[in-house]
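Reading the structure
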Amino acid sequence: MSAGHNRIITIANQKGGVGKTTTAINLATALAAIGERVLIIDLDPQGNASTGLGIGRRDRKLSSYDLLLGESSVVEAALETAVPNLYIVPSTMDLLGVEMEIAQQSDRVFKLRRALTEASAGAFSYILLDCPPSFNLLTMNAMAAAHSILVPLQCEFFALEGLSQLLETVEQVRRSVNPALDIQGIVLTMFDARNNLSQQVVNDVRTHLGDKVYHTLIPRNVRVSEAPSYGKPAILYDLKCAGSQAYLQLASEVIQRERRRLAA
Ligand code: ADP
Ligand code: MG
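Our subject in this report is the structure included herewith. All of these numbers come straight from a predicted model, not from anything done at the bench.

What about the pattern of salt bridges?
Under the definition given, this model contains 10 salt bridges. Here Arg-7 ties to Glu-258 by a salt bridge, and the two come within 3.0 Å at their closest N and O atoms. Taken together, the residues Arg-7 in strand β1 (residues 7-11) and Glu-258 in helix α12 (residues 242-263) connect sequence positions 251 residues apart. For Glu-258, a relative accessible area of 1% puts it in the buried group.

Here is the structure:
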């Protein structure tokens, strides 16, 4: 990507277990493998992105908590991962207290944006924000700081219902804290070709949202679910598996969309 390119993408969905963290880790790894300099910011107190990238609890001296409270800069808090070009600001359970600590402050929604507008954040061509499974203050900080939102959507019966809620929230965010928030795209996850419902969900979502939906379908793949227990992205754990290949394809779609946007 062009010099000075810096794109902040929040990976959000108020539902848990839909593939946010898996997408953050593997999309980030794929982008890093293509030569982008990538940072993940783990905004979930559960810390699954940090664990999934092999960052032990004891190594999390500075975290997204310190970033939000203005007690650390991005470069100070960013840790190297086993993936060249991929860094992470880990999370700790301290994040559970953030909401209370900043609730009374008038700039409470803009804490992350402030941290990411410092010069050092420009060292990364992509910054992916891994959100918790709710519309809380952490997710609002991510939506306020991001250029765009990428939505993982699990191929299941209630997918469209959850999606309309999410799109309504994006509208609210645009009206209030971030008028420029763009939809990078919607990625369908845990697709099971043998399941008619999975195919039905794909058709419905495509009918409603058209070209906002990536062509890439992320298949349900046991290798993808095993990888985090080894502290590795699926792409390092098993590059050839269908899930890893799908995430590489997703990365190239994300980059294509960025190129089109820059050209427009
Ligand atoms: P979220 O961050 O939205 O809560 P996760 O990415 O943690 O969701 O995924 C939820 C669970 O589903 C995890 O156990 C993860 O390993 C598993 N999972 C995610 N994507 C896939 C996939 N494509 N195939 C199989 N399992 C997956
Ligand atoms: Mg998660």
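Structural notes on the sheet that holds strand β7 (residues 182-191)
Judged by pairing direction, the sheet is mixed, and its eight strands sit side by side in the order β3-β4-β2-β5-β1-β6-β7-β8 without closing on themselves. Each edge of the open sheet carries a strand with a single partner, namely β3 (79-80) and β8 (213-219). Relative to strand β5 (residues 126-130), strand β2 (residues 38-42) is paired through five bridges, and the arrangement is parallel. Within the sheet, the bridge partner assigned to Ile-40 lies in β5 and is Leu-128. Packing of helix α1 (residues 20-33) onto the sheet brings it into contact with β1, β2, β4 (86-89), β5, β6 (148-154) and β7, and relative to β5 it is tilted by some 165 degrees. In the packing of α12 onto the sheet, the strands contacted are β1, β5, β6, β7 and β8, and the crossing angle to β8 comes to about 165 degrees.

Overview of the pairing of β2
Within β2, five of the five residues are buried, which leaves the element mostly enclosed by the surrounding structure. Side-chain alternation along β2 places Val-38, Ile-40 and Asp-42 on one buried face and Leu-39 and Ile-41 on a second face that is also buried. Where β2 meets β4, four bridges bridge the pair, whose relative direction is parallel. Bridge pairing in β4 places Ile-40 opposite Ile-88.

Here we look at the layout of surface pockets
Considering only enclosed or pocket space, the largest pocket measures out at about 500 Å³ in volume. Taken together, 29 residues line the largest pocket, and the ones lying closest to its centre are Gly-19, Lys-20, Thr-21, Thr-22 and Met-190. Every element with two or more residues in the lining of the largest pocket is listed here: α1, α2 (48-52), β7, β8 and α10 (222-226). At five residues, the largest contribution of residues to the lining of the largest pocket is made by α1. In this model, the second largest pocket occupies a volume close to 210 Å³. Those elements giving two or more residues to the lining of the second largest pocket turn out to be β7 and α12. Broken down by element, the lining of the second largest pocket gets its largest block of residues, four residues, from α12.

What counts and what doesn't
- Residue numbering note: each chain is counted from 1, following its sequence as written.
- Whichever chain is written first becomes A and whichever ligand is written first becomes 1, with later ones labelled in order.
- For a predicted model such as this one, the threshold for reporting local features is a pLDDT of at least 70, and the threshold for listing and counting side-chain atom pairs is 80 or more; totals across whole chains, interfaces and linings nevertheless cover every residue.
- The side-chain numbers reported here are obtained from all heavy atoms of the structure, hydrogens and water having been left aside.
- In the sections that follow, a salt bridge refers to a side-chain nitrogen of Lys or Arg positioned within 4 Å of a carboxyl oxygen of Asp or Glu.
- Comment: elements are numbered from the N terminus, with helices defined as DSSP H or I runs of at least four residues and strands as E runs of at least two.
- Each residue is placed in one exposure class: buried if its accessible area under a 1.4 Å probe, protein chains only, is under 20% of its type's maximum, exposed if it is over 50%, and partly exposed if it falls in between.
- Only when DSSP finds a minimum of two bridges between them are two strands counted as paired.
- Any two residues whose heavy atoms approach within 4.5 Å at even a single point are treated as in contact.
- Only the contacting stretch of a helix is used when fitting its axis, a line to C-alpha atoms as for every element, and angles between N-to-C directions run 0 to 180 degrees.
- Grid points spaced at 1 Å over the protein atoms alone were grouped into cavities, where a 1.4 Å probe fits but cannot get out, and pockets, open sets with protein on both sides within 12 Å along at least five of seven lines, with lining residues defined by an atom within 4 Å of a point.
- Grid points are joined across faces, edges and corners, and a volume is the space filled by probe spheres set on the points.

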